[in-house]
Amino acid sequence: MEQLKNYINGELVEPVSKKYLDNYEPATGEVYSFIPDSDERDVQSAFDSAKNAFETWSKTSLENRMLILMKVADGIEKRMDEFVAAESKDNGKPQKLARAVDIPRAVSNFRFYASATQHFASESHHMPGVGINYTLRHPIGVVGCISPWNLPLYLFSWKIAPALATGNCVVAKPSEITPYTAYLLSQVCIEAGLPKGVLNIVHGLGNKVGQAIVEHENIKAISFTGGTETGKRIASIAAPMFKKLSLELGGKNPTIVFADCDFEETVKQVVTASFSNQGEICLCGSRIFIEKSIYEKFKAAFVARVKTLKVGDPNEESYVIGAIVSLQHKQKILSYIKLAQEEGGEILCGGSELKLAGRCANGYFIEPTVIEGLDYKCRTNQEEIFGPVVTLTLFENEEEVLIMANSVKYGLSATIWTNDLKRAHRVAEKVEAGIVWINSWLVRDLRTPFGGVKASGVGREGGWEAMRFFTEPKNVFIKS
Ligand code: TXE
């Protein structure tokens, strides 16, 4: 079976430890490859390569930076089928989803930030008769990018692309649960002629490799996406070291359905917003609030549609829900379904793991699950489950639903379904979230600020936000 390699100083290399970790295919529960069990020695080697490359890369013309990043994008696109199959095999998501979302978005991320090199500008402030200020935006130097397992290449590239576009060099770590497409990206970078050391990918465990990146005194900025608890640990190390921090963390997002919504379309879209990627997207709506007058009608239509969702082999086009990413995560989700019942919830559909036949007999599958009858303050409605599990809660009026929606420690995203324009604006303004969709979900414009408030993170990605995160502004004043 294949042993993945680290990508350090432009080469695919073994970990110093020569040790490897099992990499599982969630759909079969079998080990199908091995990833480097790297440690701080590999991180140091990656840092040294990045530092050596920084002098040249930071002075590479903006046009040449763009051309190389465009070549990386083209390289991924040329190997689309390979990336799609790898992402699906590694994460458990349907190939159809990887083809429609994950890999095309990774290509877009590189193209978007390649072109940003040509348009990113800074400011000057003229003081008539006194002088003029101009703002320089320097790259930071060597930065750390750490990403999760739910949208592996999509989120990995979402950090790496702007970091490189702004002239930084990168030490990056993908999740040890879904390392494969990061490994393929290494090959594409070599083929694209990315200069050695500009990007370094070190595979391995979070509390070993991830920790070593965060603790490294000369890695001056950390861009992280993952769980809130891990984000806390990272912040506790990085903050006293005065590192720049971008933290995209968990969510417990409200879906707010008013009686005047476009009923059929809303049912359809809310099912997608609830269960896409097996519910393993930080932007999924996991708490569905339904206005009282349509509660029973919406519940019936929603549950009926959820029951049509087919769970099965990610390689088969007919299944929309694939495998849960790991045995550990499957058990976490099942424990929350059990908790929901202990807290008085009633399961309207789903609620169990699914045992499939054939090659997926030992895979990790859970039925899409809908639960009602829970208090909005109970643990099931307060804690991030991050799986195909949603709760339904009735509300009387706008004031009540905003209290319930905002009652969690998270504040990442929200969706609002209504045809009342004034109410849409009012609720969008009052809901505690960094991203709000009205009568839609997951419509993404890469120019927009992306991120959450409260325990959903610190800072924003996307557009100029990311270009500013990865640069240090310096104000220079010239006396006239
Ligand atoms: O994330 P972790 P996990 C949520 C979801 C999930 C929970 C944990 O609820 O159940 O987070 O998921 C690296 N120092 N989200 O375990 O542990 C780790 O190796 C430095 C929401 O995947 O946060 C991986 O590369 N790095 C999220 C990355 O951090 C460390 C998407 C994420 O791992 C580290 C995924 C440490 N001490 C899960 N420990 C979202 N917001 O989209 C781990 N890592």
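As the structure is a computational prediction, the values presented were derived from the model and not from experiment.

Analysis parameters
Residues numbered from 1 in each chain as written. Predicted model: local features only at pLDDT ≥ 70, side-chain atom pairs only at ≥ 80, totals over all residues. Heavy atoms only, no water. Pairing = 2+ DSSP bridges. Helix = DSSP H or I, 4+ residues; strand = E, 2+ residues; numbered from the N terminus. Axes fitted to C-alpha atoms, helices over the stretch in contact; angles between N-to-C directions. Buried < 20%, exposed > 50% of the residue type's maximum accessible area, 1.4 Å probe, protein only. Near = heavy atom within 4 Å. Polar contact = N/O pair within 3.5 Å; in protein donor to acceptor, adjacent residues only side chain to side chain. Areas by Shrake-Rupley, 256 points an atom, 1.4 Å probe, with all protein chains shown as cover. Nonpolar A, V, L, I, M, F, W, Y, C, P; charged D, E, K, R; others polar. Domains from an automatic or database assignment. Salt bridge = Lys/Arg side-chain N within 4 Å of Asp/Glu carboxyl O. Core = buried A, V, L, I, M, F, W, Y, C linked by side-chain atoms within 4.5 Å. Contact = heavy atoms within 4.5 Å. Buried area = accessible area lost by both parts, 1.4 Å probe. Phe/Tyr/Trp six-rings, centres within 6.5 Å; stacked < 30°, edge-to-face > 60°. Parallel < 35°, antiparallel > 145°, perpendicular 65-115°, else oblique.

**Q** What is the right way to look at the sheet that holds strand S14 (residues 285–291) in this model?
**A** Reading across from one edge, S15-S16-S17-S14-S13-S19-S20 is the order of the seven strands in this open sheet, with mixed pairing throughout. This sheet does not close on itself; its edge strands, each paired only once, are strand S15 (346–349) and strand S20 (435–438). The mean inter-strand angle of the sheet, taken between neighbouring strand axes irrespective of direction, is 25 degrees. Sheet topology places strand S13 (residues 253–257) next to strand S19 (residues 413–417); three bridges connect them, and they run parallel.

**Q** Where do I start with unusual backbone geometry in this structure?
**A** Trans is the prevailing form of peptide bonds, just as negative phi is the prevailing case for residues other than glycine. At Leu442, a residue that is not glycine, the phi angle is positive and equals roughly 60 degrees. Inspection of the secondary structure puts Leu442 in the loop between S20 and strand S21 (453–454). Despite not being glycine, Lys454 has its phi angle at roughly 55 degrees, a positive value. Checked against the element boundaries, Lys454 lands in strand S21. A relative accessible area of 38% places Lys454 in the partly exposed class.

**Q** Could you clarify how one ought to interpret the site of the ligand in this entry?
**A** Close to the ligand lie 26 residues; Trp149, Glu176, Leu249, Lys332 and Glu384 are nearest. For the ligand, an oxygen atom lies 2.4 Å from a polar atom in the side chain of Trp149. A distance of 3.4 Å is found between an oxygen atom of the ligand and a backbone nitrogen or oxygen belonging to Gly206. Within the complex, 89% of the 800 Å² of free accessible area of the ligand lies under protein. Taken together, the residues of the shell around the ligand sort by class into nine nonpolar, eleven polar and six charged. Three or more residues apiece are contributed to the shell around the ligand by two domains, here domain 1 (2–249 + 456–479) and domain 2 (253–451).

**Q** How do you make sense of the pattern of salt bridges when you look at a structure like this?
**A** Two side chains carrying opposite charge are able to pair once their charged atoms lie near each other. What the rule picks out here adds up to 26 salt bridges. Note that Glu461 and Lys159 form a salt bridge whose closest N and O atoms lie 2.9 Å from each other. You can see Glu461 sitting in the loop between strand S22 (457–458) and helix H15 (463–469) and its partner Lys159 sitting in helix H5 (residues 152–165), a full 302 residues away along the chain. For Glu461, a relative accessible area of 4% corresponds to the buried category. In this structure, Lys232 and Glu229 form a salt bridge, with 3.3 Å as the shortest nitrogen-oxygen distance. Of the two residues, Lys232 and Glu229 are both situated in helix H8 (residues 228–238); the distance of three residues between them amounts to about one turn of the helix.

**Q** Is there a simple way to think about the nonpolar core in this case?
**A** Most often, soluble globular proteins have nonpolar side chains that are buried together. Counting 95 residues, the largest nonpolar core has Ile76, Ile160, Leu185 and Leu199 as the members making the most contacts within it. No other element matches the ten residues that H5 contributes to this core. Looking at which domains feed residues into this core, each of domain 1 (2–249 + 456–479) and domain 2 (253–451) supplies at least three. In contact with Ile76, other than residues within four places in its own chain, are Phe83, Ile103, Val107, Phe110, Leu153, Leu185 and Val188.

**Q** I'm lost on the domain arrangement of the protein in this one. Help?
**A** When the parts come together, some accessible area is lost, and that loss is often what is quoted as the size of the interface. Each assigned domain of the protein is listed with its residue range as follows: domain 1 (2–249 + 456–479) and domain 2 (253–451). Of note, the centres of domain 1 and domain 2, computed from C-alpha atoms alone, are 30 Å apart. Of the roughly 2,900 Å² buried where domain 1 meets domain 2, counting both sides, 55% is carbon and sulfur surface. Counting across the domain 1 and domain 2 interface gives two salt bridges. Its salt-bridge partner being Lys409, residue Glu229 comes within 3.9 Å of it at the nearest N-O pair. Where domain 1 packs against domain 2, one counts 13 residue pairs in polar contact (both at pLDDT 80 or more).

**Q** Is there a simple way to think about the packing of aromatic side chains in this case?
**A** Geometrically, a pair of aromatic rings is defined through the distance of the ring centres and the angle of the planes. Applying the stated criterion across every chain, the model contains eleven aromatic pairs. Pairing Phe298 with Phe302 gives two aromatic rings, centres 5.9 Å apart and planes at 15 degrees, and the pair type is stacked. Note that Phe298 and Phe302 are positioned in helix H10 (residues 295–306) at a spacing of four residues, about one turn of the helix. Accessibility assignment for this pair places Phe298 and Phe302 in one class, buried. Through successive ring pairs, a cluster of aromatic residues spans Phe263, Phe275, Phe298 and Phe302.

**Q** For this particular structure, what's the right way to read the packing of helix H2 (residues 62–78) against helix H4 (residues 95–116)?
**A** Where H2 contacts H4, the axes come no closer than 8 Å and their chain directions differ by 170 degrees. Looking at the two axes, H2 sits roughly antiparallel to H4. Facing H2, whose interface residues are Met66, Leu69, Met70, Val72, Ala73, Asp74, Ile76 and Glu77, H4 presents Ile103, Val107, Phe110, Arg111, Ala114 and Ser115. For the contact of H2 with H4, a count of residues per class yields ten nonpolar, one polar and three charged.

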